[in-house]
Amino acid sequence: YFETIGGKTYRQTINFGSQTATELNYAFNGKLLPWWRVNVQAMCNYVTIPQSYNQKYSWQQSLTWQNYLTFKDIGNFEVGTIWQSDVVLGNYRAKGRACLDLAYNRTFCHDQLSLRVGANDVFHSFSDKGHQINPILEYRFYGKRYTQLYVRLTYTFKSKHSVRRDQIENDNSVRNRM
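This structure is a prediction, so every number in the text was calculated from the model and none was measured.

Asker: For this particular structure, what's the right way to read the pairing of strand E3 (residues 20–33)?
Answerer: Within a regular strand, the side chains alternate between the two sheet faces. In terms of residue burial, E3 counts as a barely covered element, since only 1 of its 14 residues are buried. Sheet topology note: the E3/strand E4 (residues 36–48) ladder contains 13 bridges and is antiparallel. Bridge pairing in E4 places alanine 21 opposite valine 47.

Asker: Sorry, what's going on with the pattern of salt bridges here?
Answerer: Side chains that carry opposite charge are capable of pairing whenever their charged atoms lie near each other. A complete count under the given rule lists 4 salt bridges for this structure. Ionic pairing is found between aspartate 86 and arginine 93, a salt bridge with its closest N-O pair at 2.8 Å. On the basis of relative accessibility, which here comes to 27%, the residue arginine 93 falls in the partly exposed class. Arginine 97 is the salt-bridge partner of aspartate 128, the closest N and O atoms lying 2.2 Å from each other. Of the two residues, aspartate 128 sits in strand E11 (residues 127–133) while arginine 97 sits in strand E9 (residues 97–108), which places them 31 residues apart along the sequence. For arginine 97, a relative accessible area of 21% translates into the label partly exposed.

Asker: What's the story with the sheet that holds E11 in this structure? I'm lost.
Answerer: Where strands meet in a sheet, backbone hydrogen bonds hold them as pairs that are either parallel or antiparallel. Across the sheet, 4 strands lie side by side as E7-E8-E11-E12; this open sheet has antiparallel pairing. Two strands close off the open sheet at either side, each with one partner strand: strand E7 (87–89) and strand E12 (138–144). Pairwise comparison of adjacent strand axes, ignoring direction, gives a mean angle of 20° for this sheet. As paired elements, E11 and E12 share 7 bridges and run antiparallel to each other. Each residue of the ladder has a partner; that of histidine 131, found in E12, is arginine 140.

Reading the values: rules and limits
- Within every chain, residues take consecutive numbers counted from 1 along the sequence as written.
- In keeping with the predicted nature of the model, local features appear solely for residues at pLDDT of at least 70, side-chain atom pairs appear and are counted solely at 80 or more, and the whole-chain, interface and lining totals rest on all residues.
- Side-chain calculation: all heavy atoms of the structure are included, whereas hydrogens and water are not.
- Using a 1.4 Å probe on the protein chains alone, a residue whose accessible area is under 20% of its type maximum counts as buried, one over 50% counts as exposed, and one in between counts as partly exposed.
- Helix and strand definitions follow DSSP, with helices as H or I runs of at least four residues and strands as E runs of at least two, each counted in order from the N terminus.
- Two strands are said to pair when DSSP picks up at least two bridges between them.
- By definition, a salt bridge exists where a carboxyl oxygen of Asp or Glu is found within 4 Å of a side-chain nitrogen of Lys or Arg.
- Inter-axis angles, ranging from 0 to 180 degrees, are taken between N-to-C directions of lines fitted to C-alpha atoms, where helices are fitted over the stretch in contact.

What is shown is where atoms sit, not what they do.
Below, the structure is given as structure tokens:
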């Protein structure tokens, strides 16, 4: 909590006690179509924090959905979304948030050269908003992240010699692994 003495504010960590959470998760990773693969994660939980100065009970949900679209001779597209409901963390209550990420990836030169272009948080919507309550001070927090644009060019060096299968899979003889 915060305490003001002689015009100066001091912060002291306070133990808000224990919390109990009951959670249900679901995840799916697979192909919907031959060219469309998804990775979906959904979560719902109920949290109780009896000694919190803020909200003592909370339903919290989140959804992450990644789409991977692969088109031969064109490249790979990625569309990712994240949505989170309000979350209670001790004496702090964070507002819900969401964002959308986009990316394009293409390989050249027998898959040794890779070009990736993307944007994180395309609509500039992923922000941190919260409300903190302590015995002496109550405050609100707001932080805005900027959209990140990136370009990555990667070259992968390939070895001319492959490793023998018996070097990798042999658990019995140290001599065969060398």
